[in-house]
Amino acid sequence: MLYCFVPQDTDRCCNMVKITIIKTKPYTDQKPGTSGLRKRVTVFQQNQHYAENFIQSIISTIDPAQRQEGTLVVGGDGRFFMKDAIQLIIQIAAANGIGRLVIGQNGIMSTPAVSCVIRKIKAIGGIILTASHNPGGPNGDFGIKFNISSGGPAPEGITDKIFQISKSLQEYHICPELKVDFSTIGKQTFEVDTFKPFTVEIVDSVESYAEMLRDIFDFAALKELLSGPNHINVRLDAMHGVVGPYVKKIVCEELGSPANAAVNCVPSEDFGGHHPDPNLTYAADLVNTMKGGEYDFGAAFDGDGDRNMVLGKHGFFVNPSDSVAVIGANITSIPYFQKTGVKGLARSMPTSGALDNVAKALKMPLYETPTGWKFFGNLMDAGKLSLCGEESFGTGSDHIREKDGLWAVLAWLSILATRKQSVEDIMKDHWQKFGRNFFTRYDYEEVDSDAANKMIDHLQTTMSDKAFLGQKFSSGDKTYQVENADNFEYTDPVDGSVSKGQVIPIVFLSFCGSLIVHL
């Protein structure tokens, strides 16, 4: 056998591991989206070398000169096929000269935690195995996403390069006999042909992230809120996703909430047969529990831990656009921002203008970006942005380069601890001070792509007719007049890159808002 296991806190090399070059054929459908490549599990399983091709395409974008001394962070949300993919990443990374991998124990590491670890250890990047809030299991979805050295999602220039490589790939390099035990914390070291020793380090997936949060929030105040004499009762639903161990260790063990405050905290390959999307539809159990009045604060998280939904007592719902606006309006409740100051606020274009109202009132810069956290990351790296959010239940700040579900929940709890009000009262006070923006999001799932494209083409044609502007549409006793309709285009203020073709906003005069259609 050409591999060995080295116990924790030791580091030695063993027999040579051979590199094999495998001939393959390129695929034309491996274009990464805003959050990597997402396909049905069966696509990865039934198409020969499909996962291997994409992993090789990712690593091929890394300069060979950076690989030997570089570290890649690897983690995922525990969904079906994750462990198989991690073994492939290990084998292909070793064969391509990557010097070191840092992997969460059992492969588990939330998307925010991957970003945190990349930044902490100054890694050259990371590979995240998740399809976010999409269903898991053998008949569900799987995804592979590449994050760069900043900890954020790869920008379009790199994802385009990955796609171009994937379309012409003829071979990939792999060490097929290299097997790694990633259930035990510690280091495993291998000698790979002509390369230096290749090290795989299995780490506690929670600790580095928890350490970061301790530096952001006032844990003493949060502990008083959650377990002091006048504590509030919370209900946190991990939805069988990756954030479960984080909630258990940080909120329950460290901050003192009772163990039963956190539910569905064991990551599952099929998310317990449920859809791990934190909204009113898929987190219905939490909503119904909150309606009973036993709990003062509730939250749900998605599969990989970067999204969140916040509820108040009796199931009072905070929509994601309002959530980021409230955090922005109360941002000094978080010690991190007392130290760093607030550089600017930002939202994705489909998100309501609630945050705009806060930015205007507090005289803060406000940026409107396309969907995709990488656009926020550019602004953060340039020192222009501190807090941001998007309509799909994503909220975050410049502490990392990903949206962060648990961070958002602790931000809300910090506001509750400071203001000593209920979620509902805080929200109503906010509307009174800043005005209210009404927001609704509709998700259309399992839509036939040809029919959807046909609808978008028809909308494009309709919009291009000058007569469309000013046209009136009636629904019931209400009439709406089109004020503006155009493809949203974004010029990045940092690097000048132009992004377009994501969404079509149609603004109605009498509605004072936008109807958003995602392309």
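Rules and cut-offs
- Residues numbered from 1 in each chain as written.
- Predicted model: local features only at pLDDT ≥ 70, side-chain atom pairs only at ≥ 80, totals over all residues.
- Heavy atoms only, no water.
- pLDDT = per-residue confidence, 0-100.
- Contact = heavy atoms within 4.5 Å.
- Helix = DSSP H or I, 4+ residues; strand = E, 2+ residues; numbered from the N terminus.
- Polar contact = N/O pair within 3.5 Å; in protein donor to acceptor, adjacent residues only side chain to side chain.
- Pairing = 2+ DSSP bridges.
- Axes fitted to C-alpha atoms, helices over the stretch in contact; angles between N-to-C directions.
- Salt bridge = Lys/Arg side-chain N within 4 Å of Asp/Glu carboxyl O.
- Buried < 20%, exposed > 50% of the residue type's maximum accessible area, 1.4 Å probe, protein only.
- Patch = residues over 30% accessible without salt bridge, like charges linked within 9 Å, V, L, I, M, F, W, Y side chains within 5 Å.
- Areas by Shrake-Rupley, 256 points an atom, 1.4 Å probe, with all protein chains shown as cover.
- Domains from an automatic or database assignment.
- Buried area = accessible area lost by both parts, 1.4 Å probe.
- Arc of directions from axis to C-beta.
- UniProt positions renumbered as here; feature names shortened; annotations may be inferred.

Participant: Would you explain the confidence of the model for the protein chain in this entry?
Facilitator: For any part of a model where pLDDT is low, the fine detail of the predicted coordinates should not be relied upon. Taken as a whole, the protein chain shows an average pLDDT of 91; of its residues, 93% reach a score of 70 or greater. This model gives residues 511-519 a pLDDT under 50, and the stretch forms 34 contacts once residues within four places in sequence are excluded.

Participant: Can you help me understand the side chain of Asn147 in this one?
Facilitator: Checked against the element boundaries, Asn147 lands in strand 7 (residues 141-148). Polar contacts involving the side chain of Asn147 include one to the main-chain carbonyl oxygen of Gly151, which spans 2.9 Å. Residue contacts for Asn147: discarding those within four places in its chain leaves Ile118, Gly125, Gly126, Ile128, Gly152, Pro153, Ala154 and Glu402.

Participant: What is the right way to read the sheet that holds strand 3 (residues 37-40) from this model?
Facilitator: The pairing of strands in a sheet comes from backbone hydrogen bonds and takes either a parallel or an antiparallel form. With mixed pairing, eight strands are arranged side by side in an open sheet as 1-9-10-5-4-6-7-3. Either end of the sheet is taken by a strand with one partner, and the two such strands are strand 1 (16-17) and strand 3. Strand direction decides the pairing type here: strand 9 (residues 186-192) and strand 10 (residues 197-203), joined by six bridges, are antiparallel. Bridge pairing in strand 10 places Glu191 opposite Pro197. Relative to the sheet, helix 2 (residues 50-60) contacts strand 3, strand 6 (125-129) and strand 7, its axis offset from that of strand 7 by approximately 10°.

Participant: I tried to follow the pattern of salt bridges on my own but got confused; where do I start?
Facilitator: Should the charged atoms of two oppositely charged side chains come close, the side chains can pair. Using the criterion set out here, one finds 22 salt bridges in the structure. A salt bridge links Arg100 to Glu201; the nearest nitrogen and oxygen atoms lie 2.7 Å apart. On the criterion of sequence distance, the pair formed by Arg100 in strand 5 (residues 100-108) and Glu201 in strand 10 is long-range, its members being 101 residues apart. Exposure remark for Arg100: the relative accessible area of 28% places this residue in the partly exposed category. Using a relative accessible area of 18% as the deciding quantity, one classes Glu201 as buried. Its salt-bridge partner being Glu402, residue Lys145 comes within 2.6 Å of it at the nearest N-O pair. Placement of the pair is Lys145 in strand 7 and Glu402 in the loop between strand 19 (394-397) and helix 15 (405-419), with a sequence separation of 257 residues. With respect to burial, Lys145 and Glu402 carry one shared label: buried.

Participant: Which parts of the structure should I look at to understand a nonpolar patch on the surface?
Facilitator: Together, Tyr442, Tyr444 and Val447 make up a nonpolar patch on the protein surface, roughly 420 Å² of accessible area in all. Val447 gets classed as partly exposed once you look at its relative accessible area, which sits at 46%.

Participant: Would you explain the domain arrangement of the protein chain in this entry?
Facilitator: Where interface size is quoted, it is often the accessible area lost as the parts come together. In terms of domain boundaries, the protein chain breaks down into domain 1 (20-204), domain 2 (208-434) and domain 3 (449-518). Using only C-alpha atoms to locate each centre, domain 1 and domain 2 end up separated by 29 Å. Contacts between domain 1 and domain 2 engage 37 residues on the former and 34 residues on the latter. Of the roughly 2,700 Å² buried where domain 1 meets domain 2, counting both sides, 58% is carbon and sulfur surface. At the surface where domain 1 touches domain 2, the tally comes to three salt bridges. Among the ionic pairs, Glu211 bridges to Lys120, the shortest N-O distance being 2.9 Å.

Participant: Mind showing me how you'd approach the environment of Gly107 here?
Facilitator: Along the polypeptide, Gly107 turns up in strand 5. For Gly107, a relative accessible area of 0% translates into the label buried. Remark: the alpha-carbon pair of Gly107 and Glu52, spanning 55 residues in sequence, is separated by 18 Å. Leave out the neighbours within four places in its chain, and Gly107 touches Gly75, Gly76, Met82, Ile86 and Phe182.

Participant: Quick question: what am I supposed to make of helix 13 (residues 354-362) here?
Facilitator: Owing to its 3.6 residues per turn, the α-helix brings residues three or four apart onto one side. Those residues of helix 13 not exposed but buried are Ala354, Leu355, Val358 and Ala359. Projected down its long axis, helix 13 shows its buried positions confined to an angular sector of 140°, all on one face. On the buried face of helix 13, the contacting elements are helix 11 (320-329), strand 16 (345-348), strand 17 (366-369) and helix 16 (423-434). Remark: Lys363 follows helix 13 within two positions and exhibits a positive phi of approximately 55°.

Participant: Looking at this structure, how should I read the UniProt feature "domain: Alpha-D-phosphohexomutase alpha/beta/alpha" (unreviewed entry) in the protein chain?
Facilitator: Those places that UniProt annotates as "domain: Alpha-D-phosphohexomutase alpha/beta/alpha" (unreviewed entry) correspond, in this numbering, to residues 30-172, 208-313 and 340-434. End C-alpha to end C-alpha, residues 30-172 measures 15 Å, and it is 41% helix and 24% strand.

Participant: Before we go on, may I ask you to explain the sheet that holds strand 16 in this structure?
Facilitator: Across the sheet, four strands lie side by side as 17-16-18-19; this open sheet has mixed pairing. Looking at the sheet topology across the chains shown, the edges are occupied by strand 17 and strand 19. Between one strand axis and the next, the sheet turns by 15° as a mean value, whatever way the strands run. Inspection of the sheet shows strand 16 paired to strand 17 by four bridges, in the parallel sense. Residue Leu345 lies in a different strand from strand 17, and its bridge partner there is Leu366. Across the sheet, helix 14 (residues 373-381) lies against strand 16, strand 17, strand 18 (387-390) and strand 19, angled at about 170° from strand 18, the strand it touches most.

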